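# Coordinate inspection notes
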Amino acid sequence: MNNKNDKIIVSLKCIRHAYTGGGSVSTGGLPFTITRGQRVAVLGPNGSGKSTLLRHILGLLKPTEGTVEVLGVNPASQYMKIRSRIGAVMQNTDEQLIGPTVLDDVAFAPLNFGRSASETYRKAIDILKRLNIYELKDRLPHYLSGGERRKVALAGALILEPDLLVMDEPLEGIDHASRREISNFLQKLHAETEVTMISTTHDMDIVSDLADCGYVMNQSGGLEIYGTIEELFFNHDLHSFNLAPPATVRIIKILQRHGLAIAPTLNAEVLSNRLLELLHSEIR
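Here is a short report on the structure shown in this document. These numbers come from a predicted model, not from an experiment. (Residues numbered from 1 in each chain as written. Predicted model: local features only at pLDDT ≥ 70, side-chain atom pairs only at ≥ 80, totals over all residues. Heavy atoms only, no water.)

### Remarks on the overall build of the chain
Scanning the chain for helices and strands turns up ten helices and ten strands. Considering the chain as a whole, with its 284 residues, one finds that 47% of them fall into the buried category. Sequence-distant contacts in the chain: of pairs separated by 6 or more residues, those separated by 24 or more amount to 65%. With an accessible surface of roughly 14000 Å², the chain has 50% of that area assigned to carbon and sulfur atoms. Distance between charge centres in the chain, computed from 30 positive and 32 negative side chains, equals 4 Å. (Helix = DSSP H or I, 4+ residues; strand = E, 2+ residues; numbered from the N terminus. Buried < 20%, exposed > 50% of the residue type's maximum accessible area, 1.4 Å probe, protein only. Contact = heavy atoms within 4.5 Å. Areas by Shrake-Rupley, 256 points an atom, 1.4 Å probe, with all protein chains shown as cover. Lys, Arg positive; Asp, Glu negative; His and termini not counted. Charge placed at Lys NZ, Arg CZ, Asp CG, Glu CD.)

In structure tokens form, the structure reads like this:
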């Protein structure tokens with residue numbers, strides 16, 4: 001990791017993007033500020049501008065109005081200064097898988113930056129093993145399953161050991177086992193490296209696996225609410241944002257309405273243990 005003293009990693013203020021041919025997306029409301037080591041989710045209804053916000057962070061879009069600063073620079077005009085410090089997993093992984101084989105794809109970025117081939121391929125093999133996809137190293141990326149492509153894209157995003165990892169719907173369209181495997185890997189990675197993570201997801205049952213806090217966008221792109229993931233679901237009614245609460249939240253709120261004192265949690269195992277404790281106390 002580089003420049004450990006720069007605490008603010010991402011800062012966006014009142015950005016607006018006008019598309020060629022008409023139409024625009026604006027992100028106003030709360031200031032969007034991410035500090036080093038945070039895991040942040042961007043939530044909101046379809047079409048609210050979540051992916052557009054991430055593309056501004058990655059320098060893929062230049063705002064018509066407002067300011068974007070990532071790792072101390074404007075990503076749209078100075079991305080070359082920070083590109084080795086940012087990893088990205090796009091919603092459509094086919095856009096970023098370009099190598100003839102999985103191993104070549106994961107090794108592409110460091111080789112393009114002039115890193116030694118021997119060290120690069122050693123690191124590529126190591127991360128493929130950590131993601132349990134080493135056996136895919138000689139396969140063509142575009143013939144892999146959706147979950148396998150996600151893992152390959154994630155491996156390519158992480159091989160440079162970035163300061164910032166940006167993920168657009170990283171667990172979308174993959175089976176339950178792959179979702180659990182990737183989310184467990186990301187949680188372990190964050191515990192080991194404290195890499196800053198920004199992600200979007202439409203699945204509220206897994207958002208706490210990806211983030212500790214989050215912003216909620218309204219349909220117009222405004223950032224209306226910020227808080228821990230637990231605060232967002234237990235302290236706010238997010239139905240107006242088309243966000244259904246996770247199953248654990250729904251269960252706890254039903255039990256609370258029936259007079260049971262269940263402390264808030266997003267963890268299903270913790271909730272199960274609390275319910276068992278209540279049941280045992282009632283039996284005694």
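### Concerning the packing of helix H3 (residues 102–112) against helix H5 (residues 146–158)
Two elements in contact, H3 and H5, have axes whose closest approach is 7 Å; the angle formed by their N-to-C orientations is 30°. If you check the angle between H3 and H5, you find them roughly parallel. The interaxial crossing formed by H3 with H5 has right-handed handedness. Only Val152, Ala155 and Gly156 of H5 make contact with H3, whose side of the interface consists of Val102, Asp105 and Val106. Here the residues of the contact of H3 with H5 are counted per class, giving four nonpolar, one polar and one charged. (Axes fitted to C-alpha atoms, helices over the stretch in contact; angles between N-to-C directions. Parallel < 35°, antiparallel > 145°, perpendicular 65-115°, else oblique. Left-handed = near helix turned anticlockwise from the far one by under 90°. Nonpolar A, V, L, I, M, F, W, Y, C, P; charged D, E, K, R; others polar.)

### Re the pattern of salt bridges
Two side chains bearing opposite charge may form a pair once their charged atoms approach each other closely. Using the criterion set out here, one finds eleven salt bridges in the structure. When the shortest N-O distance is used, the salt bridge between Glu95 and Arg55 registers 3.6 Å. With Glu95 in the loop between strand E6 (86–89) and H3 and Arg55 in helix H1 (residues 50–57), this pair connects stretches of sequence that are 40 residues apart. Assessed through its relative accessible area of 29%, Arg55 is described here as partly exposed. Here Arg180 makes a salt bridge to Asp209, at a shortest N to O gap of 3.4 Å. In this pair, Arg180 sits in helix H6 (residues 176–193) while Asp209 sits in helix H7 (residues 207–210), placing the two residues 29 residues apart along the sequence. Relative accessible area serves as the criterion here: at 35%, Arg180 is assigned to the partly exposed category. Within this structure, Arg36, Arg85 and Asp163 form a network of salt bridges that share partners. (Salt bridge = Lys/Arg side-chain N within 4 Å of Asp/Glu carboxyl O.)

### Some details on H3
Restricting attention to buried positions, one finds in H3 the residues Val102, Leu103, Asp105, Val106, Ala107 and Pro110. Tucked into the core, H3 has its buried residues touching helix H4 (117–130) and H5. Looking one or two residues past H3, Gly114 carries a phi angle of roughly 85°, positive in sign.

### Quick word on the packing of H5 against H6
It is the contact of H5 with H6, at a shortest axis distance of 10 Å, that shows an interaxial angle of 15°. Taken together, the axis directions place H5 and H6 in an arrangement best described as roughly parallel. Here the hand of the crossing between H5 and H6 comes out right-handed. From H5, Gly147, Arg150, Lys151, Leu154 and Leu158 reach across to H6, where they touch Ser178, Glu181, Ile182, Phe185, Leu186 and Leu189. Its residues placed into classes, the contact of H5 with H6 shows six nonpolar, two polar and three charged.

### As for the state of the cysteines
Under the criterion given, the structure shown has zero disulfides. The structure places no disulfide on Cys14, whose sulfur is separated from the nearest cysteine sulfur, that of Cys213, by 20 Å. (Disulfide = S-S within 2.5 Å.)

### Focus: the sheet that holds strand E7 (residues 164–168)
Strand order across the open sheet formed by six strands is E6-E7-E8-E4-E9-E10, with mixed pairing between neighbours. The open sheet has two free edges, formed respectively by E6 and strand E10 (223–228), since each of these has just one partner strand. Here the strands of the sheet are splayed against their neighbours by 15° on average, with no regard to which way each runs. In terms of strand pairing, E6 meets E7 through four bridges, oriented parallel. By the bridge assignment for E7, Gly87 is matched with Leu165. (Pairing = 2+ DSSP bridges.)

### Here we look at a nonpolar patch on the surface
Taken together, the side chains of Leu276, Leu279 and Ile283 present a nonpolar region at the surface, about 300 Å² in accessible area. Its place among the elements puts Ile283 in helix H10 (residues 268–283). Note on Ile283: relative accessible area 64%, which makes it exposed. (Patch = residues over 30% accessible without salt bridge, like charges linked within 9 Å, V, L, I, M, F, W, Y side chains within 5 Å.)

### A few points about the pairing of E10
Inspection of the sheet shows strand E9 (residues 213–217) paired to E10 by five bridges, in the antiparallel sense. Directly across from Cys213, in E10, lies its bridge partner Thr228. The hairpin formed by E9 and E10 contains five residues between the paired strands, and Gly221 there has a positive phi angle of roughly 95°.

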